[in-house]
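Report on the structure
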Amino acid sequence: MKMLERKTPDNYGKGDWVVRSSSLATLGRTDEANASVRETLKRYPDLTVEGMVNEFSLSKTERGRFIETMPLAGFPACAKADALAELAKPVRLPECEAEEAKPLGQP
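This section reports on the structure supplied with the text. Not measured: the values here are computed from a predicted model.

Right, let's get into the packing of helix α2 (residues 14–26) against helix α3 (residues 30–43). Two quantities define a packed helix pair, namely the angle between the helix axes and the distance between the axes. Interhelical geometry of α2 versus α3 gives an angle of 160 degrees and a closest axis separation of 8 Å. Between α2 and α3, the angle falls in the class roughly antiparallel. Here α2 and α3 pass one another in a crossing that is left-handed. The segment α2 lies against α3, with Trp17, Arg20, Ser21, Leu24 and Ala25 engaging Glu32, Ala33, Ser36, Val37, Glu39, Thr40 and Arg43. Taken together, the residues of the contact of α2 with α3 break down into five nonpolar, three polar and four charged.

Okay, here's the thing in structure tokens:
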């Protein structure tokens, strides 16, 4: 969070918005986290946990941290199939794989 305090939201990249939102949620600052998530999704409407953890530059530790904290902040979990189609071995969340395996029309 300290690093982000030196930046302004106008200078944030996608990762900065995710870290900010997730950090606020982890700290229990729910209203601020919700506002940050709304702003993030306004700027990056297709952003999901799966999409973020498949960013090529993330380490295994960073992926794990995003998988743990992004849902706390309220980011959508599952990426659309076309968002992951070009990846040879995309990281999938269990709840997204289960949802994908359901026949159409099944709750």
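Picking up where we left off.
Throughout the structure, instances matching the rule amount to five salt bridges. The residue Lys14 makes a salt bridge to Glu55 at a minimum N-O spacing of 2.8 Å. Residue Lys14 is found in helix α2, and its partner Glu55 is found in the loop between α4 (49–53) and α5 (60–73); the two are separated by 41 residues along the sequence. Beyond isolated ion pairs, a larger network of salt bridges with shared partners links Glu39, Lys42 and Arg43.

Turning our attention to the state of the cysteines. Under the counting rule described, the total for this entry stands at one disulfide. With its sulfur 2.0 Å from that of its partner, Cys78 forms a disulfide with Cys96. Disulfide Cys78 to Cys96: torsion about the S-S bond roughly -95 degrees, handedness left-handed. Of this pair, Cys78 sits in the loop between α5 and α6 (81–84) while Cys96 is found in helix α7 (residues 94–101), placing the two residues 18 residues apart along the sequence. Judged by its relative accessible area of 2%, Cys96 falls in the buried class.

Conventions used here
Residues numbered from 1 in each chain as written. Predicted model: local features only at pLDDT ≥ 70, side-chain atom pairs only at ≥ 80, totals over all residues. Heavy atoms only, no water. Axes fitted to C-alpha atoms, helices over the stretch in contact; angles between N-to-C directions. Helix = DSSP H or I, 4+ residues; strand = E, 2+ residues; numbered from the N terminus. Parallel < 35°, antiparallel > 145°, perpendicular 65-115°, else oblique. Left-handed = near helix turned anticlockwise from the far one by under 90°. Contact = heavy atoms within 4.5 Å. Nonpolar A, V, L, I, M, F, W, Y, C, P; charged D, E, K, R; others polar. Salt bridge = Lys/Arg side-chain N within 4 Å of Asp/Glu carboxyl O. Disulfide = S-S within 2.5 Å. Buried < 20%, exposed > 50% of the residue type's maximum accessible area, 1.4 Å probe, protein only.

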